[in-house]
Amino acid sequence: MSRNTYRAGMAVLVASALFACNKSNGNSIDSAAAQGPAAAGDSGTMGRDTVAATTPDTSNAGAAGLNDASILGEEMGGDSAEVVIAKYMMANGMNASVRSYARMLNNDHSKGMTEVKTVAKQTSLTPQSPPNDTTAQETAHTLDHLKSLSGMDRDTAFVNHEVEDHQSDIANAKQAEQAAQKPQVKSLLQKALPELQKHLDRAQQLQKQLGGGASK
C-alpha cells in the first residue's frame, strides 16, 4: 500500500479500538476505523487532540506542498495507523516472530506519536492532515483484508504490507526532511529514518523466513 496517501488521518481515529482489539481479536478496530476521523481524548498511546481543524501554516510550503504542520500530521497519522495494525497482529499473528515484530512496531510507533506531539508543542504547530487524505479508508481496508485471512496467510500478508509500507515511509520521510523548515521538525525526521529502516530490514528478513511475496 502506498504511503503517499497513508500518513495522517488515523491520529484521532481509533482511540478506543486500540485497547479493544486486544480483548476481541480486532473486531472493534474495523468498526472504529470505518467511522472516519472523530475527536478523541488521550487514551493510552492513541488519543490525540493535536490534529485539529485549524488553518494550516503554509508559510514554509516545500516539496509536494509540504509544510511543517502537514509533515507533523503525516508523521502522527502514519504512526497511529501502524499502532492499530500492529496491535491487531500482536493478538492475531500465528508466527511468534511475526507477533514479536508487531510488538516492536507498536512500541516504536507509539513513541513516535509522543515525539510528534512534543515537537508540535515546542513549535506551536497543529498537525494537519494533507488534502484528500485517505488514511482511514486505507487502514480499514488493510485490517479487513488481514481479518479475511488466517494462519500463515495472514502473517505473510502483514509482513508484505510492512515491507511496502516502510519502503514508502522512508522515501516520504526523506522528501519531508528536505521540505521541513523548523529545526525541530527536521530533527524529528532525521531521528525517524533509522527507525523506519530498522522496521524495513526486519520485515524483509521475515518475508524471506515466511517465503513472502505470495499474499498481500
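Quick look at the structure, then. (Residues numbered from 1 in each chain as written. Predicted model: local features only at pLDDT ≥ 70, side-chain atom pairs only at ≥ 80, totals over all residues. Heavy atoms only, no water.)

### Re the side chain of His-166
Looking at where His-166 falls in the secondary structure, it is placed in helix H6 (residues 151-179). According to the relative accessible area criterion, His-166 is buried, its value standing at 0%. Those residues in contact with His-166 that sit more than four places away from it in its chain are Glu-82, Tyr-101, Leu-105, His-109, Leu-196, His-199 and Leu-200. (Helix = DSSP H or I, 4+ residues; strand = E, 2+ residues; numbered from the N terminus. Buried < 20%, exposed > 50% of the residue type's maximum accessible area, 1.4 Å probe, protein only. Contact = heavy atoms within 4.5 Å.)

### A look at the environment of Ala-176
Here Ala-176 is to be found in helix H6. C-alpha separation for the pair Ala-176 and Leu-66, spaced 110 residues apart in sequence, amounts to 6.9 Å. When neighbours within four sequence positions are excluded, Ala-176 is seen to be in contact with Leu-66, Ile-71 and Leu-189.

### What to know about helix H7 (residues 183-210)
With 28 residues, H7 extends 41 Å between its outermost C-alpha atoms, agreeing within 8% with the 40 Å of an ideal straight helix rising 1.5 Å per residue. Of the positions making up H7, those classed as buried are Val-185, Leu-188, Leu-189, Ala-192, Leu-193, Leu-196, His-199, Leu-200, Ala-203, Leu-206 and Leu-210. Residues of H7 that are buried in the fold lie against helix H3 (68-92), helix H4 (96-123) and H6. After H7 finishes, the residue Gly-211 shows a positive phi value of roughly 70°. (Expected span 1.5 Å × (residues − 1).)

### Let's talk about the nonpolar core
Grouped together as the largest cluster of nonpolar side chains are 24 residues, with contacts concentrated most on Met-89, Val-98, Tyr-101, Leu-146, Phe-158 and Val-159. Elements with a contribution of two residues or more to this core: H3, H4, helix H5 (135-148), H6 and H7. Residues within four places of Phe-158 in sequence aside, it is in contact with Ile-85, Met-89, Val-98, Tyr-101, Ala-102, Leu-105 and Leu-146. (Core = buried A, V, L, I, M, F, W, Y, C linked by side-chain atoms within 4.5 Å.)

### Overview of H4
Here H4 spans 41 Å end to end across 28 residues, near enough to the 40 Å set by a 1.5 Å rise per residue. You can read the cap of H4 off the contacts: a side-chain oxygen lies 2.7 Å from the backbone nitrogen of Ser-97, and it is on Asn-95. Note on H4: the residue one or two positions beyond its end, Ser-124, has a positive phi of about 55°. (Polar contact = N/O pair within 3.5 Å; in protein donor to acceptor, adjacent residues only side chain to side chain.)

### As for the packing of aromatic side chains
For any two aromatic rings, the description comes down to two numbers: the centre-to-centre distance and the angle of the planes. The final tally for this structure, using the stated rule, is one aromatic pair. Note on Tyr-101 and Phe-158: the rings are 6.0 Å apart at their centroids and 55° apart in plane angle, and the pair reads as tilted. Residue Tyr-101 is found in helix H4, and its partner Phe-158 is found in helix H6; the two are separated by 57 residues along the sequence. (Phe/Tyr/Trp six-rings, centres within 6.5 Å; stacked < 30°, edge-to-face > 60°.)

### Topic: the pattern of salt bridges
With the rule as written, the count across this model stands at three salt bridges. Note that Lys-198 and Asp-108 form a salt bridge whose closest N and O atoms lie 2.9 Å from each other. Of this pair, Lys-198 sits in helix H7 while Asp-108 sits in helix H4, placing them 90 residues apart in sequence. Residue class for Lys-198 comes out partly exposed when judged on its relative accessible area of 35%. In this structure, Lys-198 engages Glu-195 in a salt bridge whose closest nitrogen and oxygen atoms are separated by 3.6 Å. A residue pair is termed a helical-turn pair when its members lie 3 or 4 positions apart in one helix, as Lys-198 and Glu-195 do in helix H7 at three residues. Relative accessible area serves as the criterion here: at 32%, Glu-195 is assigned to the partly exposed category. What emerges from the salt-bridge pattern is a single network uniting Asp-108, Glu-195 and Lys-198. (Salt bridge = Lys/Arg side-chain N within 4 Å of Asp/Glu carboxyl O.)

### Examining the side chain of Thr-123
With respect to the element layout, Thr-123 can be found in helix H4. A distance of 2.7 Å separates a polar atom in the side chain of Thr-123 from the backbone oxygen of Val-119. Beyond its immediate stretch of four places on either side in the chain, Thr-123 contacts Leu-72, Lys-182 and Gln-184.

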